[in-house]
Amino acid sequence: MNKLIRCGLLLAIILLSTCTTSKSTVSSTVDMSKYEYASVINNDTYHIPAELIEYEIQLFDAVEASRLQLVNDMRIYELTPQQQEKLLLVKYGVNHDNAEAIVTVNFIDYMTGRPVASCRGAFGLGIDHGRDLKGAIKRVAKQIYDTFPPKN
């Protein structure tokens with residue numbers, strides 16, 4: 001009977017974690033290899049509340065761990081037109097409830113305003129909000145890294 005309870009608990013955990021998916025959607029018509037720079041939009045619409053600032057740091061780290069070089073949004077105009085053609089604007093959103101945390105990071109071509117990639121990290125067991133958010137950020141970081149892997 002004890003084995004049956006453990007198997008049931010393990011199955012429940014597996015089912016809960018499989019409902020929470022992480023994925024990336026990438027434009028099929030855009031050459032993703034051309035992008036070298038990213039600027040995170042930091043305004044009232046795309047801003048994490050002060051109590052979640054540690055997670056914002058992790059989001060910046062996730063973008064920086066890819067091949068994209070971060071550029072402050074106030075310094076975009078210092079880039080040459082050729083560099084601006086290789087620039088992505090980054091918008092992010094964080095949503096967490098009792099069941100899971102979801103972090104979405106969207107990449108938009110600076111010159112055209114066209115969304116070219118969206119990375120989503122989700123994690124949740126509904127036990128600890130902080131742990132769920134950290135797990136979602138780790139998963140979105142992997143999606144960003146896979147979408148923009150460092151050049152060798």
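Notes on the structure follow. (Residues numbered from 1 in each chain as written. Predicted model: local features only at pLDDT ≥ 70, side-chain atom pairs only at ≥ 80, totals over all residues. Heavy atoms only, no water.)

## So, the overall build of the chain
Reasoning step 1: Counting its regular elements, the chain contains four helices and six strands.
Reasoning step 2: Each helix and strand of the chain, placed in order from N terminus to C terminus, yields the pattern α-β-β-α-β-α-β-β-β-α.
Reasoning step 3: Scored against the burial criterion, the 152 residues of the chain give a buried share of 35%.
Reasoning step 4: Just so you have it, the chain exposes about 9300 Å², and 57% of that area is on carbon and sulfur atoms. (Helix = DSSP H or I, 4+ residues; strand = E, 2+ residues; numbered from the N terminus. Buried < 20%, exposed > 50% of the residue type's maximum accessible area, 1.4 Å probe, protein only. Areas by Shrake-Rupley, 256 points an atom, 1.4 Å probe, with all protein chains shown as cover.)

## Some thoughts on the environment of Lys34
Reasoning step 1: As for its placement among the helices and strands, Lys34 is situated in the loop between β1 (23–26) and β2 (37–40).
Reasoning step 2: Once the C-alpha coordinates of Lys34 and Lys86 are considered, the two residues, 52 residues apart in sequence, prove to be 6.0 Å apart.
Reasoning step 3: In this structure, Lys34 is in contact with Glu85, Lys86 and Asp109, ignoring residues within four places of it in sequence. (Contact = heavy atoms within 4.5 Å.)

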